[in-house]
Amino acid sequence: MASVDECRQALQDLAARLDRNAETVRERIDLDRTLACRITDLDTAFHGRITGGRLVELTDGDDPKAKIALSTSSDDLLALVRGDLDVTGAVASGRVSIKANPFDLLKLRKLL
């Protein structure tokens, strides 16, 4: 099981990667939504905002009103961010749960 600090770092790494790719993605994806990432085995959460192809305002704590909510275990979060776990397969197998508007899901898939 990964630690809370490792999960926080993984999300910060994801934010940095999205930031590097934002210029090419921004023109293709019009997405401005709040995001909650819930780590089920650690009983913790993080939240932020996806806007302009970037993940910004990332902080500790849940946002129950987030428009996009991702729930997964700590190890699966790290595997997703590293690219060792395919998000589509993880959702299909139940290892990851994403609650969002279907149109947002399509845009999010292009972003990741």
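Owing to the predicted nature of the structure, the values given are computational and were not obtained by experimental measurement.

### A short note on the overall build of the protein
Okay, step 1: In terms of helices and strands, the protein carries four helices and five strands.
Okay, step 2: By principal-axis analysis of the C-alpha atoms, the protein measures approximately 35 × 30 × 25 Å.
Okay, step 3: Across the 112 residues of the protein, 39% fall into the buried class.
Okay, step 4: Partitioning the contacts of the protein with sequence separation of at least 6, the portion at a separation of at least 24 is 65%.
Okay, step 5: Of the roughly 6500 Å² of accessible surface on the protein, 49% is carried by carbon and sulfur atoms.
Okay, step 6: Both charge centroids of the protein, one from 17 positive and one from 19 negative side chains, sit 6 Å from each other.

### Digging into the nonpolar core
Okay, step 1: With 26 residues, the main nonpolar core has Cys-7, Leu-55 and Leu-77 as its most contacted residues.
Okay, step 2: Counting only elements with at least two residues in this core, the list comes to helix H1 (4-26), strand E1 (32-39), strand E2 (44-51), strand E4 (68-72), helix H2 (74-82) and strand E5 (96-99).
Okay, step 3: With six residues, H1 is the largest single contributor of residues to this core.

### A short note on the side chain of Thr-72
Okay, step 1: One can find Thr-72 in strand E4.
Okay, step 2: A polar atom in the side chain of Thr-72 sits 3.0 Å from the backbone oxygen of Arg-95.
Okay, step 3: Non-local contacts of Thr-72, meaning those with residues more than four positions away in its chain, are made with Arg-38, Ile-39, Thr-40, Leu-77, Arg-95 and Val-96.

Basis of the calculations
- Residues numbered from 1 in each chain as written.
- Predicted model: local features only at pLDDT ≥ 70, side-chain atom pairs only at ≥ 80, totals over all residues.
- Heavy atoms only, no water.
- Helix = DSSP H or I, 4+ residues; strand = E, 2+ residues; numbered from the N terminus.
- Buried < 20%, exposed > 50% of the residue type's maximum accessible area, 1.4 Å probe, protein only.
- Contact = heavy atoms within 4.5 Å.
- Areas by Shrake-Rupley, 256 points an atom, 1.4 Å probe, with all protein chains shown as cover.
- Lys, Arg positive; Asp, Glu negative; His and termini not counted.
- Charge placed at Lys NZ, Arg CZ, Asp CG, Glu CD.
- Core = buried A, V, L, I, M, F, W, Y, C linked by side-chain atoms within 4.5 Å.
- Polar contact = N/O pair within 3.5 Å; in protein donor to acceptor, adjacent residues only side chain to side chain.

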